[in-house]
Amino acid sequence: MIIGIPREIKENEDRVGLTPANVEELVNAGHTLIVESHAGDGSGFIDAQYEKAGAEIVNDPAEVWKAEMVVKVKEPLPQEFDYFHEDLILFTYLHLAPENDLTDALLEKGVIGVAYETMEDSGTLPLLTPMSEVAGRMAVQAAANLLEKNNGGPGILLGGVPGVRRANVTVIGGGVVGLNSAKLAYGLGANVTILDVNPQRLAQLENILGNGVQTLMSNEVNIRRAVIDSDVVIGSVLIAGRRAPVLVTEDTIKEMNEGSVLIDIAVDQGGNFETTHATSHSKPTFTKHGVIHYAVANIPGAVPRTSTLALTNASFHYAKEIANKGILAAVKENATIATGINTYKNHLTSKAVAESQDKEYTPLEKILN
């Protein structure tokens, strides 16, 4: 199979879809790898390393996109839509629920869109997990910096000092992101509250984090009270394939103390806060009602070396299986890959995306049979 690795063009996105070690393994398996020049620079992988691994380096992204399969990190931007072609296998994060134009372009061009974020294995999301771990930890780092006076915050040290109140941190959602945020915030000495709708998950979180972290059932009353009392609120609730639920209203945000910080990790699926909109690493925050909003849609992109290695550790196995077997055999033999198929040629095969966009849904099984 001919496999292309383009350079990411999203602002401040320096991750890359495959490492030179991944490329070498695919080349040894008989595949042809085409890498756009400087695609790996931001992650510390230079063109010479890809060439040594057996890849062809090209300057024109159009040449990369002519491949049978393109392996990326982030969803394509509008300027990349013209590169789409029939039967292209696109393996990347897609986050289609809030992206009508991207969905329409994939369907119009007959692209087979395999989304990292919807791939499921025994109730887990193996390709979302590593980036969720990174984002959850980075959210706390960002919050600690934003609380500093010189960054527009109220001048609060996250962990406090003896005799001085610690920062109150609320984490909404007890999944992978929430656990990592709560773990780091607690480790830095903050007062941490974590909310989730699942009592069993709350019990697990308490066993993991200990009694020093307050666990609460996630409902409107508890969310409102916790948010108003918080210096930092981290929204981490995602539903695979669907728009993220809005859990904190604008009215509640108006009641927060001036200089408080909201971190919306779910923003690439629409966001958990009513007042949020996506930001970038070059301009990561905006202030509304006196509250600092941090809503970077590609948080792990700030640590591309770590993020690329963590992501490809999880994604490469599936990319290699698709390359070796072809998409039809891979889907039929591996249920996890099948759950990643959001578009199959001219059909929308993700029920969650179809419902989010009010589009026609076609079960993948119906097409394959």
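Owing to the predicted nature of the structure, the values given are computational and were not obtained by experimental measurement.

K.L.:
Could you clarify how one ought to interpret helix α10 (residues 304-325) in this entry?
P.N.:
Along an α-helix, residues three or four positions apart point the same way, because every turn accommodates 3.6 residues. Taking 1.5 Å of rise per residue, 22 residues should cover 32 Å, and α10 covers 30 Å from first to last C-alpha, within 8% of that figure. A maximum bend of about 45° is found in α10 at S315. Two residues or fewer past α10, G326 is found with a positive phi of approximately 85°.

K.L.:
I'm lost on the packing of helix α5 (residues 129-146) against α10 in this one. Help?
P.N.:
Their axes nearest at 8 Å, the elements α5 and α10 cross at an angle of 155°. For the element pair α5 / α10, the angle class is roughly antiparallel. Of the residues in α10, those in contact with P130, M131 and V134 of α5 are S307, A310, L311 and A314. Looking at the contact of α5 with α10, its residues break down into six nonpolar, one polar and no charged.

K.L.:
Any chance you could explain the nonpolar core here in plain terms?
P.N.:
Note that soluble globular proteins tend to have their nonpolar side chains buried in a common cluster. In this structure, L18, F91, V169, I234 and I263 are the most contacted members of the largest nonpolar core, which totals 74 residues. Inspection of this core shows a minimum of three residues originating in each of domain 1 (2-110 + 304-366) and domain 2 (128-302). In this view, F91 contacts V70, V71, K72, V114, Y116, M119, L127, S315, Y318 and A319; residues no more than four positions away in its chain are not counted.

Rules behind the numbers
Residues numbered from 1 in each chain as written. Predicted model: local features only at pLDDT ≥ 70, side-chain atom pairs only at ≥ 80, totals over all residues. Heavy atoms only, no water. Helix = DSSP H or I, 4+ residues; strand = E, 2+ residues; numbered from the N terminus. Expected span 1.5 Å × (residues − 1). Bend = angle between axes of the 7 residues up to and from the residue. Axes fitted to C-alpha atoms, helices over the stretch in contact; angles between N-to-C directions. Parallel < 35°, antiparallel > 145°, perpendicular 65-115°, else oblique. Contact = heavy atoms within 4.5 Å. Nonpolar A, V, L, I, M, F, W, Y, C, P; charged D, E, K, R; others polar. Core = buried A, V, L, I, M, F, W, Y, C linked by side-chain atoms within 4.5 Å. Buried < 20%, exposed > 50% of the residue type's maximum accessible area, 1.4 Å probe, protein only. Domains from an automatic or database assignment.

Purely geometric stuff here, so don't read any function into it on its own.
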